[in-house]
Amino acid sequence: MSGTTRTSADLDPRRRRLLYRAWHRGIREMDLIMGRFADAEIGDLSEAELDQFEALIEVPDRDLFKWLTGEVETPSNYDTSVWRRVRAFHRHDAPIHS
């Protein structure tokens, strides 16, 4: 997957902007992490959740990646329900091939 698979035609301007920003972060790995989550969830996020997602979009890629991998603990002001959803969305607790 190299980019968004979701159309933004049915989204309001705020969601369109967030979807675009999720896919255009700078580090490709974070594009895939935030962009895939946005593709799947952006249409269902409440206004409060959009605020949380917007705050995450502002965090530098290196910091987000360290939080995601557990290298550094997520600061409490970013440890929101949306951040936990992003992490759960990309969690793989079992081997890919069994």
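Residues numbered from 1 in each chain as written. Predicted model: local features only at pLDDT ≥ 70, side-chain atom pairs only at ≥ 80, totals over all residues. Heavy atoms only, no water.

- An unreviewed UniProt entry lists the protein under the name FAD assembly factor SdhE, from Methylobacterium oryzae CBMB20.
- Regarding the protein, the relevant UniProt record gives this comment under Sequence similarities (unreviewed entry): "Belongs to the SdhE FAD assembly factor family." (UniProt positions renumbered as here; feature names shortened; annotations may be inferred.)

1. Observations regarding the packing of aromatic side chains
Next, step 1: Going through the model one piece at a time under the given rule, you end up with four aromatic pairs.
Next, step 2: Relative to F89, the ring of F37 lies with its centre 5.7 Å away and its plane at 85°, an arrangement referred to as edge-to-face. Taken together, the residues span a long stretch of sequence, with F37 in helix α2 (residues 28-41) and F89 in helix α5 (residues 81-89) at a distance of 52 residues.
Next, step 3: Owing to a relative accessible area of 1%, F37 belongs among the buried residues under this scheme.
Next, step 4: We classify F89 as partly exposed; its relative accessible area is 29%.
Next, step 5: On the numbers, 5.9 Å between centres and 80° between planes, the contact of W67 with W83 is edge-to-face. With W67 in helix α4 (residues 61-69) and W83 in helix α5, this residue pair connects regions lying 16 residues apart in the sequence.
Next, step 6: Judged by relative accessible area, W67 falls into the buried class, the value being 9%. (Phe/Tyr/Trp six-rings, centres within 6.5 Å; stacked < 30°, edge-to-face > 60°. Helix = DSSP H or I, 4+ residues; strand = E, 2+ residues; numbered from the N terminus. Buried < 20%, exposed > 50% of the residue type's maximum accessible area, 1.4 Å probe, protein only.)

2. Thoughts on the pattern of salt bridges
Next, step 1: For the structure shown, the criterion picks out 13 salt bridges.
Next, step 2: Between R85 and E41 there is a salt bridge, with its nearest N and O atoms 2.6 Å apart. A residue pair is termed long-range when its members are at least 10 positions apart, and R85 in helix α5 and E41 in helix α2 qualify at 44 residues.
Next, step 3: One salt bridge connects R87 with D79, and the closest N-O pair in it is separated by 4.0 Å.
Next, step 4: Using a relative accessible area of 27% as the deciding quantity, one classes R87 as partly exposed.
Next, step 5: On the basis of relative accessibility, which here comes to 32%, the residue D79 falls in the partly exposed class. (Salt bridge = Lys/Arg side-chain N within 4 Å of Asp/Glu carboxyl O.)

3. Here we look at the side chain of R25
Next, step 1: By secondary structure assignment, the location of R25 is in the loop between α1 (13-23) and α2.
Next, step 2: Residue R25 is classed as buried on the basis of its relative accessible area of 15%.
Next, step 3: Polar contacts involving the side chain of R25 include one to the main-chain carbonyl oxygen of V59, which spans 2.7 Å.
Next, step 4: For R25, the side chain forms a polar contact with the side chain of D61, separated by 2.7 Å.
Next, step 5: With residues up to four places along the chain from it excluded, the contact list for R25 reads M30, D31, M34, L56, I57, V59, P60, D61 and L64. (Polar contact = N/O pair within 3.5 Å; in protein donor to acceptor, adjacent residues only side chain to side chain. Contact = heavy atoms within 4.5 Å.)

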